[in-house]
Amino acid sequence: MSDRKIIKNTSIYTIGGVLPKIAQFFLLPVFTTYMTPGDYGIVNSLQVLATVLAILFTLATDRSIFRLYFDYKKDEEKGLFFGTIAISLFTISSVVLLLIFLFSDQVGMVYQSIDFYPYYSYAIITAYLGVFSLIPKSYYQVTE
């Protein structure tokens, strides 16, 4: 891999990681203007919950791509590997989602002062849907 390509890819991933944080910083005055401190606390608390749920939804299955991708030599094998990972992620995350909603009373005890509906449900569904962006993201990272 050439030095120019490494610099280009590193720049893209750095910008992609830093840009959302910069946006949050600049949107902070907007949030504090239109949201009460309690509302802002709810949003931040549920962001933490969504981050933890993302770990439970994936069980780090998507991380296996970085280790196992190069074990497969043929494109057909790599395609089957990605299909297996995609099906696994869908199955695992769907089962965890179902369990979370079945045990919503227990999950709601994490932050007892926050109502499960609509707040928890939005955070849970957002984390669930975020799982499906991991395969393409990992694919682009491992191929570049």
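Look up: the structure comes first, before these words.
Note that the structure is a prediction, hence the values are computed from the model and not measured.

The rules we used
- Residues numbered from 1 in each chain as written.
- Predicted model: local features only at pLDDT ≥ 70, side-chain atom pairs only at ≥ 80, totals over all residues.
- Heavy atoms only, no water.
- Helix = DSSP H or I, 4+ residues; strand = E, 2+ residues; numbered from the N terminus.
- Rg over C-alpha atoms; globule rule 2.2 N^0.38 Å.
- Buried < 20%, exposed > 50% of the residue type's maximum accessible area, 1.4 Å probe, protein only.
- Contact = heavy atoms within 4.5 Å.
- Areas by Shrake-Rupley, 256 points an atom, 1.4 Å probe, with all protein chains shown as cover.
- Lys, Arg positive; Asp, Glu negative; His and termini not counted.
- Charge placed at Lys NZ, Arg CZ, Asp CG, Glu CD.
- Expected span 1.5 Å × (residues − 1).
- Arc of directions from axis to C-beta.
- Core = buried A, V, L, I, M, F, W, Y, C linked by side-chain atoms within 4.5 Å.
- Patch = residues over 30% accessible without salt bridge, like charges linked within 9 Å, V, L, I, M, F, W, Y side chains within 5 Å.
- Salt bridge = Lys/Arg side-chain N within 4 Å of Asp/Glu carboxyl O.
- Axes fitted to C-alpha atoms, helices over the stretch in contact; angles between N-to-C directions.
- Parallel < 35°, antiparallel > 145°, perpendicular 65-115°, else oblique.
- Left-handed = near helix turned anticlockwise from the far one by under 90°.
- Nonpolar A, V, L, I, M, F, W, Y, C, P; charged D, E, K, R; others polar.

Draft legend 1. Molecular detail of the overall build of the protein. Along the protein, the regular secondary structure elements total seven helices and zero strands. When the helices and strands of the protein are placed in sequence order, the string is α-α-α-α-α-α-α. Taken over C-alpha atoms, the radius of gyration comes to 19 Å for the protein, far larger than the 15 Å a tight globule of 144 residues would show. In terms of its C-alpha atoms, the protein occupies a principal-axis envelope of roughly 55 × 40 × 15 Å. Within the protein, the proportion of its 144 residues that are buried is 26%. Here the analysis covers contacts within the protein between residues at least 6 apart in sequence; of these, 70% occur between residues at least 24 apart. With the model as given, the accessible surface of the protein reaches about 10100 Å², and the carbon-plus-sulfur share is 68%. Placing the 10 positive and 10 negative side-chain charges of the protein at their respective mean positions leaves the two points 12 Å apart.

Draft legend 2. Spatial organisation of helix 2 (residues 37-58). Helix length check: helix 2, at 22 residues, gives a terminal C-alpha distance of 32 Å against a target of 32 Å (1.5 Å per residue), a fit within 8%. Along helix 2, the residues that are buried comprise Ile42, Leu46, Leu49, Ala50, Leu53, Phe57 and Thr58. One side of helix 2 carries all its buried residues, which in axial view fall inside an arc of 145°. Turned more than 90 degrees off the buried face of helix 2, the exposed positions are Pro37 and Ile55. Backbone geometry just after helix 2 places Leu59 at a positive phi near 50°.

Draft legend 3. Quick look at the nonpolar core. Core analysis: the biggest nonpolar cluster contains 26 residues, and Phe57, Tyr120 and Ile124 have the highest contact counts within it. If near-sequence neighbours (up to four positions away) are discounted, Ile124 is found in contact with Leu53, Phe57, Leu97, Ile100, Phe101 and Phe116.

Draft legend 4. Structural detail: a nonpolar patch on the surface. Taken together, the side chains of Ile15, Val18, Leu19, Ile22, Phe25 and Phe26 define a hydrophobic patch exposed on the protein surface, amounting to about 630 Å² of accessible area. Its location among the elements puts Leu19 in helix 1 (residues 3-34).

Draft legend 5. Representation of the packing of helix 2 against helix 6 (residues 116-130) within the structure. Axis separation between helix 2 and helix 6 bottoms out at 8 Å; the angle between their running directions is 40°. Here helix 2 lies oblique to helix 6, going by the angle between them. Taken as a pair, helix 2 and helix 6 cross one another with a handedness that is right-handed. Contact with helix 2, carried on its side by Ile42, Leu46, Leu49, Ala50, Leu53, Ala54 and Phe57, involves Tyr119, Tyr120, Ala123, Ile124, Ala127 and Tyr128 of helix 6 and no other residues of that element. A breakdown of the residues in the contact of helix 2 with helix 6 according to their chemical character gives 13 nonpolar, no polar and no charged.

Draft legend 6. View of helix 6. Under the 1.5 Å per step criterion, the end-to-end length of helix 6 is 20 Å for 15 residues, consistent within 8% with the ideal 21 Å. Along helix 6, the positions that sit buried rather than exposed are Phe116, Tyr120, Ser121, Ala123, Ile124, Ala127 and Tyr128. The buried residues of helix 6 occupy an angular sector of 160° when projected down its axis, which confines them to one face. Summarising the geometry of helix 6, the exposed residues directed more than 90 degrees from the buried face are Tyr122, Thr126 and Leu129. Where helix 6 is buried, its residues touch helix 2, helix 4 (75-102) and helix 5 (104-107).

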